[in-house]
Amino acid sequence: MTVPLPLDADALRARSKLAKKWAYLLSSKTFVPMSTAELERRLLGLVDRLCSGVVVESLAQHAGREVGEALVGLNCTTPEGLQISIEVVSKGLLGMSSLVPPDRLRNRVVDVIAALSASFVERIRQATMEQQEQLGRSLYKAMREAQVELRLSRARVDLMETHSSTGIATVEPDGVLVRSNDALARILDRPTDELVGLSLFDLAHPDERAGLRADIVGLAGEAARGDGARAVTQPCRLLRADGEPAWVMLTLSPLHRAEAPPHVVVLAEDATDVNLLQGQLNHQALHDVLTRLPNRQFFTSRLEQALRTADPRTGVSVFHLDLDGFSRFTGGLGREVGDHVLKVVAGRLEAVVAGESAMVSRFGHDEFAVLVENGPATPDVVTLVRRINDVLSAPFTSHGHRVAVSATIGVVHRPPPDSSPLDLLDSADLTLRRAKCGGARQWELADPEQDGRDRRTFSLAATMSGAWEQEELLVRYRPVVRLADGSVESAEALLRWDHPTLGELPHEQCVALAEDTGLAAPLGAWVLRVACGQAAAWRAGLGREVPVRWALSPSQAADPELVGLVREALRDTGLAPSSLRLGVTGRVLFSGRGEAADNLEVLAEGGVGVELEEFTGAPEDLLRVLEGLPVRAVRLGQTPAAEPGTPVARALAGVLAVVRDAGIGLMATGVATPEQARWWREVGADTASGPLFAPAGPPDDITR
């Protein structure tokens, strides 16, 4: 309560000055959660109350207590805050002589300050007791909640251990189990109550015990030192009651306990079924499902090891086998017979090398491989190859059919020990390819030089399509001249490959590569279009026809779209059909490929000239071709001057007679000398081509 007093301007200034000083000193020594202006306003009110207590003696105690409580309420609870308040207020009030007579001012100020101090201390005591009481209630509540949470945690742990499929146990540093659940008992096939007290080390497989003991002792030591928590997870074998191993994934983790010996928690996940399945998957990944033989991956790993460990004096041998005509079994007798044949072959190959350090593998479909680590008693390669085919060729019954098989074999014998397994298998495959060119039941030894040539050929075949896209393939022309006067009668279109590293590859090689890679038809169609366009350009530039000829490959001759492609090229370039000549080999016509004969017959009826290319057959064969196909000319390869009466002379005379009787042209190829040109002219050839007249070159070369 504040008693209003009449105040003059000096008194107001004195009180305001006191409040401002009080606020400044309090702010510098203690934290007051308000602005300086607000603190000054609040303290000015307290100064007014204190002044009232000084003026009215009966209000001194009450005013002092109010101000003391108010200071605590303002958070001025530190000893420094009380000391500042007493000093500032005492001096300030004693300086206000206008409040009461001077002889009573000091006593009144002492009474007010004493009441302020007592009230301040009492309020601090009460606040402390209230805080202690609140703290006690909070601690009690926290303890109760902790007890409830502990009971819940224990219940959750018990529930998890009871119903978990993972084995859980707590072990001491010496491995003794102090707690375990039913799942661990099921994994170990033991009663739960018998596990407690046993040593985990005794329950582990003998090979696992040393490592398991080191891990548990190490984790317990880390827990005792407070080094932090880490877990160790590893596969492990525990022993069942019957002594059989149980594969588990074991996780060990230290259990920290205050003022108690450290324990280790053990989690055991049953991995027996997973381990068995993994073993099956590993076997399947490395073995052929049908024959149960190792596959290429397993064979390669074994070969790599054998190259390192085999006796360098005898080395190793690799046999790469391909069954001859295996499609006869699957296509003619059915898939079941084919599968049975493969199983029989697998068993017989294993029997052949049963006495050797060897591996038999199935590489896929009808391909097998045999690795032999040669020893002093190992038979030589010829003997082993003969034994393999002798054993395979023995007839056997398969689903009611008597069958027998043979194999073509590529052999790599005693390669250098530092050879790469992949390079060896590549060499064996190349060797097998060459052996198959000789027919069934053939074999061949690896030849590094021939392997290199084959690799270059395959590399060219693989990159030919890209070379065409990069415009490295060119069309060149070689003149065909009349032997009577040497004038250009027509031009042959030839294919060239301007290879960036090998230089210019010849026509024959380009055609063979195109045939091997399936490019013969599309590439031949492109050459046809280019050649027709060039013939049209010659006609426009020279004012006369220069027919162009192109030798069809076997694939292009039998292409169902050949007729349409030729007609389209002639239409787009404006070339007359008579200015296009197509060559085809007798081999294509004699091979029974009806598509080729039909194509050429349709084209010949449309005016396109058809020429028989590289004919080397008997006169009877030529007659058969001429009777079925309107051929305009026959092209013969280079033939030396034949002595009268020799077989060569008689055969050539028969062919020439057929050509003359049919009234068709005869063209010689490969003419390189004037003597050869004269010889061909004397035997009746009309035209010829070859190095004597001009090499193949750009289009303008034949017009010079």
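Residues numbered from 1 in each chain as written. Predicted model: local features only at pLDDT ≥ 70, side-chain atom pairs only at ≥ 80, totals over all residues. Heavy atoms only, no water.

## Notes on the environment of Thr 501
As a reminder, the rule being used: Helix and strand assignments come from DSSP, with helices taken as H or I runs of at least 4 residues and strands as E runs of at least 2, each series counted from the N terminus. Type-normalised accessible area, obtained with a 1.4 Å probe on protein chains alone, sets the label of each residue: buried when under 20%, exposed when over 50%, and partly exposed for intermediate values. Side-chain atoms alone can form a polar contact between residues adjacent in sequence; in general such a contact is a pair of N or O atoms within 3.5 Å, and within protein one must be able to donate a hydrogen while the other accepts it.
By the element assignment, Thr 501 lies in the loop between strand 14 (488-499) and strand 15 (503-505). Looking at Thr 501, the relative accessible area reads 65%, which means it is exposed. Separated by 3.1 Å, the side chains of Thr 501 and His 499 make a polar contact.

## Observations concerning the nonpolar core
For clarity, the cut-off: By nonpolar core we mean a set of buried residues, namely Ala, Val, Leu, Ile, Met, Phe, Trp, Tyr and Cys, connected to one another through side-chain atoms within 4.5 Å.
Of all hydrophobic cores here, the largest spans 70 residues; its most connected members are Met 464, Trp 497, Val 566, Leu 580, Leu 582 and Trp 680. No other element matches helix 18 (residues 520-542), which puts eight residues into this core. By size, the runner-up hydrophobic cluster in this structure holds 33 residues, among which are Val 67, Leu 99, Leu 105 and Val 109.

## A closer look at the sheet that holds strand 11 (residues 407-413)
Across a sheet, strands are paired by hydrogen bonds formed along the backbone, either parallel or antiparallel in direction. Rules: Here, strands pair whenever DSSP counts at least two bridges between them. Fitted lines through C-alpha atoms serve as axes, helices being fitted only where they are in contact, and the angles separating the N-to-C directions of these axes extend from 0 to 180 degrees. Throughout, a residue-residue contact means that at least one pair of heavy atoms, one from each residue, lies within 4.5 Å.
Spatially, 7-8-6-11-12 is the arrangement adopted by the five strands of the open sheet, whose pairing is mixed. Whereas interior strands pair on both sides, the edge strands pair on one side only; in this sheet they are strand 7 (357-364) and strand 12 (443-445). Ignoring which end each strand starts from, the neighbouring axes of this sheet average 15° apart. Packing of helix 11 (residues 296-309) onto the sheet brings it into contact with strand 6 (316-323), strand 7 and strand 8 (367-373), and relative to strand 7 it is tilted by some 150°. Running over the sheet, helix 13 (residues 335-352) touches strand 6, strand 7 and strand 8 and is turned about 10° from strand 8.

## Description of the sheet that holds strand 3 (residues 232-239)
The strand order across the open sheet built from five strands is 2-1-5-4-3, with neighbouring strands paired in antiparallel fashion. Here the strands that pair on one side only, and so sit at the sheet edges, are strand 2 (177-180) and strand 3. The average angle at which neighbouring strand axes cross in this sheet is 30°, direction not considered. Pairing analysis gives three bridges linking strand 1 (residues 167-171) to strand 2, with the strands arranged antiparallel. Bridge pairing in strand 2 links Thr 170 to Arg 179. Against the sheet, helix 9 (residues 206-225) makes contact with strand 1, strand 3, strand 4 (245-255) and strand 5 (263-270), and its axis sits at roughly 135° relative to strand 3, the strand it touches most.

## Examining the layout of surface pockets
Worth spelling out the cut-off: Cavities and pockets are found on a 1 Å grid laid over the protein atoms alone: a cavity is a set of points where a 1.4 Å probe fits but cannot escape, a pocket is an open set with protein on both sides within 12 Å along at least five of seven lines, and a lining residue has an atom within 4 Å of such a point. Grid points are joined across faces, edges and corners, and a volume is the space filled by probe spheres set on the points. Classification convention: Asp, Glu, Lys, Arg as charged; Ala, Val, Leu, Ile, Met, Phe, Trp, Tyr, Cys, Pro as nonpolar; all other residues, Gly among them, as polar.
For the largest pocket, the calculated volume is near 500 Å³. Residue lining of the largest pocket: 24 residues in total, with His 507, Glu 508, Ala 551, Glu 613 and Glu 614 positioned closest to the centre. Elements represented by at least two residues in the lining of the largest pocket include exactly strand 14, helix 17 (507-517), strand 16 (548-551) and strand 19 (633-636). Considered class by class, the residues forming the lining of the largest pocket number nine nonpolar, seven polar and eight charged.

## Looking at the packing of aromatic side chains
Going by this rule: Two rings from Phe, Tyr or Trp (for Trp, the six-membered ring) form a pair when their centres sit within 6.5 Å of each other. Planes less than 30 degrees apart are called stacked, planes more than 60 degrees apart edge-to-face, and all others tilted. Charge-over-ring placement is defined geometrically: NZ (Lys) or CZ (Arg) within 6 Å of the ring centre, and within 35 degrees of the ring normal.
In total, this model carries five aromatic pairs according to the counting rule given. Here the aromatic rings of Phe 326 and Phe 329 are separated by 6.1 Å at their centres, their planes lie at 50°, and the arrangement is tilted. Judged by its relative accessible area of 6%, Phe 329 falls in the buried class. Positioned above the aromatic ring of Phe 363, the side-chain terminus of Arg 296 is 4.1 Å from the ring centre.

## Considering empty space enclosed by the protein
One pass over the full model with this rule turns up one cavity of 30 Å³ or more. There is about 80 Å³ of room inside the largest cavity. In terms of lining, the largest cavity is formed by Leu 495, Val 511, Ala 514, Ala 520, Leu 523, Gly 524, Val 527, Trp 550, Ala 551, Ser 553 and Gln 556. When residues of the lining of the largest cavity are traced back to their parent elements, those giving at least two are helix 17, helix 18 and strand 16. Looking at which element gives the most residues to the lining of the largest cavity, the answer is helix 18, with four residues.

## A word on a nonpolar patch on the surface
Let me state the cut-off plainly: Each patch is built from residues that are more than 30% exposed by relative accessible area and take part in no salt bridge. Like charges join if they lie within 9 Å; nonpolar side chains (Val, Leu, Ile, Met, Phe, Trp, Tyr) join within 5 Å. To be clear on the numbers: accessible area is Shrake-Rupley with a 1.4 Å probe, and residue cover counts the displayed protein chains and nothing else. For this document, the term salt bridge refers to a Lys or Arg side-chain nitrogen within 4 Å of an Asp or Glu carboxyl oxygen.
A cluster of nonpolar side chains, contributed by Val 382, Trp 443 and Leu 445, occupies part of the molecular surface with about 250 Å² of accessible area. Within the fold, Val 382 resides in helix 14 (residues 381-392).

## A closer look at the environment of Leu 562
For Leu 562, the position within the fold is in helix 20 (residues 562-573). Taking the C-alpha atoms as reference points, Leu 562 and Leu 600, 38 residues apart in sequence, are found 9.1 Å from one another. Not counting chain neighbours up to four residues away, the residues in contact with Leu 562 comprise Leu 528, Leu 552, Gln 556, Ala 557, Asn 599 and Leu 603.

## Side note on the pairing of strand 8
Among the seven residues that make up strand 8, six are buried, leaving the element largely enclosed by the rest of the structure. The pairing of strand 6 with strand 8 spans seven bridges and is classified as antiparallel. From the neighbouring strand, Asp 322 faces strand 8, where its bridge partner is Glu 367. Direction of pairing for strand 7 relative to strand 8: antiparallel, over a ladder of seven bridges. Directly across from Met 359, in strand 8, lies its bridge partner Leu 371. From the end of strand 7 to the start of strand 8, which pair antiparallel, there are two residues, and His 365 there has a positive phi angle of about 50°.

## Considering a negative patch on the surface
Applied cut-off: Note that His is not counted, nor are the chain ends; the positive residues are Lys and Arg, and the negative ones are Asp and Glu. In plain terms, the charge of a residue is placed at NZ if it is Lys, CZ if Arg, CG if Asp and CD if Glu.
Taken together, the side chains of Glu 595, Asp 598, Glu 601 and Glu 605 define an acidic patch exposed on the protein surface. Mapped onto the elements, Glu 595 comes out in helix 22 (residues 594-605). Among the residues examined, Glu 595 registers a relative accessible area of 43% and is labelled partly exposed.

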